[in-house]
Amino acid sequence: MTNPVYARHWTNWGTNQESVADVLTPASADEIAATVTETAAAGRRVKVVGSGHSFTDIAVADDQRMVLHRMNRFVSIDGPLVTVQAGMTLRTLNTVLHGHGLAMPNLGDIDAQTVAGAIATGTHGTGLGHGTIASCVEAVTLVTGLGKIERFTADAPELKAIGVGLGALGIITEVTLRCVPAFTLHADERPMLLTEMLAGLDEWIPGNDHIEFFWYPYTDRGQLKRNNRVDVDNRPLSRFRGWLDDEFLSNTVWQGVCKVGQRMPRTVPALNGIAARALSARAYTGPSAGVFCTSRRVRFTEMEYEIPRAALPEVLGAFPALFDRLPFRVQFPVEVRFTGPDDLWMSHGYDRESAYIAVHQYLGTEYEPYFRAVEELCAAQGGRPHWGKLHYRDAASLRPVYPRFDDFLAIRDRFDPSRIFANAYLNRVLGE
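A. A look at the overall build of the chain. The helix and strand inventory of the chain stands at 14 helices and 20 strands. Along the first, second and third principal axes, the C-alpha set of the chain runs to 60 × 50 × 40 Å. Here the chain holds 432 residues, and the buried ones make up 56% of them. The long-range fraction of contacts in the chain, counting pairs at least 24 apart against all pairs at least 6 apart in sequence, stands at 73%. Surface accessibility of the chain: about 17300 Å² in total, with carbon and sulfur atoms responsible for 52%.

B. Local environment of unusual backbone geometry. Of note in the backbone geometry, Thr15 takes a positive phi value of approximately 55° without being a glycine. Tracing the backbone shows Thr15 in the loop between strand E1 (9-11) and strand E2 (18-20). Classification of Thr15 as partly exposed rests on a relative accessible area of 37%. Not every positive phi belongs to a glycine, and Leu166 is a case in point at roughly 60°. Structurally, the position occupied by Leu166 is in the loop between helix H4 (159-162) and strand E11 (171-178). Taking the relative accessible area as the measure of exposure, Leu166 reaches 1% and is therefore buried.

C. Local environment of the nonpolar core. Membership of the largest hydrophobic core comes to 79 residues, with the highest contact counts inside it found for Trp387 and Leu430. Looking at this core element by element, the count peaks at 5 residues for helix H13 (residues 405-415). Beyond its immediate stretch of four places on either side in the chain, Leu430 contacts Leu166, Ala168, Met346, Ala395, Phe405, Phe408, Leu409 and Arg412. Ile205, Ile211, Phe300 and Leu326 belong to the second-largest nonpolar core, a separate cluster that totals 46 residues.

D. Helix H2 (residues 90-99), seen in detail. Those residues of H2 that sit buried are Leu90, Leu93, Asn94, Val96 and Leu97. The buried residues of H2 occupy one face: seen down the axis, they fall within an arc of 165°. In H2, the exposed positions that point more than 90 degrees away from the buried face belong to Thr95, His98 and Gly99. Remark: Gly101 follows H2 within two positions and exhibits a positive phi of approximately 70°.

E. Structural context of the pattern of salt bridges. Taken as a whole and judged by the stated rule, the model has 26 salt bridges. In this structure, the salt-bridge partner of Glu247 is Arg297, at a minimum N-O distance of 2.9 Å. Separated by 50 residues along the polypeptide, Glu247 in helix H6 (residues 239-263) and Arg297 in the loop between helix H8 (288-292) and strand E17 (300-308) bring together distant segments of the chain. Its relative accessible area of 25% is what places Glu247 among the partly exposed residues. Close ionic contact of Lys389 with Glu304 constitutes a salt bridge, the shortest N to O distance being 3.1 Å. Of this pair, Lys389 sits in the loop between strand E20 (384-385) and helix H12 (395-398) while Glu304 sits in strand E17, and the two are 85 residues apart along the sequence. Note on accessibility: Lys389 and Glu304 belong to one class, buried. Shared partners join several salt bridges into a network, and the residues in it are Glu302, Glu304, Glu335, Arg337 and Lys389.

F. Quick peek at a nonpolar patch on the surface. Among the surface-exposed residues, Phe240, Trp243, Phe248, Leu249 and Val253 lie close enough to one another that they form a single nonpolar patch of about 460 Å² accessible area. Relative to the helices and strands, Phe240 resides in helix H6.

G. Molecular detail of the state of the cysteines. Within the structure shown, the criterion is met by 0 disulfides. You can see Cys136 has no disulfide; the closest cysteine sulfur is in Cys179, sitting 7.4 Å from it. Left unpaired, Cys293 is separated from the closest cysteine sulfur, that of Cys136, by 13 Å. The class for Cys293 is buried, based on a relative accessible area of 10%.

H. Structural context of the sheet that holds E11. Within the open sheet, the 5 strands sit side by side as E6-E7-E11-E9-E10. Their pairing is antiparallel. Edge positions in the sheet fall to strand E6 (74-78) and strand E10 (149-153), since each of these pairs with one other strand and no more. On average, adjacent strands in this sheet sit at an angle of 15° to one another, irrespective of strand direction. Bridge count between strand E9 (residues 137-143) and E10: 5 bridges; the pairing is antiparallel. Looking across to E10, one finds that Thr141 is bridged to Arg151.

Parameters and conventions
Residues numbered from 1 in each chain as written. Predicted model: local features only at pLDDT ≥ 70, side-chain atom pairs only at ≥ 80, totals over all residues. Heavy atoms only, no water. Helix = DSSP H or I, 4+ residues; strand = E, 2+ residues; numbered from the N terminus. Buried < 20%, exposed > 50% of the residue type's maximum accessible area, 1.4 Å probe, protein only. Contact = heavy atoms within 4.5 Å. Areas by Shrake-Rupley, 256 points an atom, 1.4 Å probe, with all protein chains shown as cover. Core = buried A, V, L, I, M, F, W, Y, C linked by side-chain atoms within 4.5 Å. Arc of directions from axis to C-beta. Salt bridge = Lys/Arg side-chain N within 4 Å of Asp/Glu carboxyl O. Patch = residues over 30% accessible without salt bridge, like charges linked within 9 Å, V, L, I, M, F, W, Y side chains within 5 Å. Disulfide = S-S within 2.5 Å. Pairing = 2+ DSSP bridges. Axes fitted to C-alpha atoms, helices over the stretch in contact; angles between N-to-C directions.

Laid out in structure tokens, this is it:
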């Protein structure tokens, strides 16, 4: 479990990252700027941590840890442009937007991240008409490594670097997001054979607002999910069905199944087969945030890779042989999502239509051989790892797949010449 924000010892949500550091809890941009100036003068470092939902060590502090939980307020609204402080969580943001008749155009399936953390790591949902959440950013206020408070708007080229900035360029204090009028989604979720899901993708991806699917290892079955905008919320999910599916089955029962599989690995293929066949179809309507986001109480470790959409069948086709080679069993389903291109320099979806493949292992279960094998498959297709999910890439291997990699480093040299925002992760993926 994550520690209180004020504790020197910290662990992330997945409990696979931890650190001990001095804790800073500023309440204003001026306080942050003063801290950064003092930090630079003393030759120290500072690292901001959000909600701890990254599985990589991107937020691990080895000197000073800064938490922005006191900077979590709504700032202003101007039509569809909403400005909030960087420490606000997506869950609170969704509540604030709903109160103003607005919504985020797209979201991932978890809403516990802070706004700044979600932006920095390239958090995304699914849908060909959407990029990462950071593609909705219209302006940011940033404290650079020089201790300067600067605001960058959509016409500033630097925003292309700050958008998915990995925490390497400065400390974001405020974010202006381009939102949309509140909308209702119709969710259609149904079990389906993997071959049927793959065969229908070329039609379904452009034909639906949001589409994703799950595939259970050692089976030929999964679940297809399609979400589309509708005018009226006329088929809400009953409270009982919502509790049954999203709390009891997806959390309580799934936790028990995972524990059985962890203790008796030989049962995993059978358990996956039972889970896949137990899936039932459902269709309902609801406010967008409530359909996008779900409760995740079963803890796991995760890797997620972006690949060109056209490469998906080849990559997934190699998974059955991969499963057979592993020295352990894979219990969690493989999750696949899709996005359109965006223009943020370090976005994994930069300049291409993307398929995202997410792989998981239950907390405490071995994962590295599995994740490395998946990475090898995806890297061979020019794949880019999600910055907040485990991967093993370094600057030398990442530079060729990010056309603006060196442009990003040039902005970093300007904004943080002393590298006070650096840590081991940034040294690995950006170079020392």
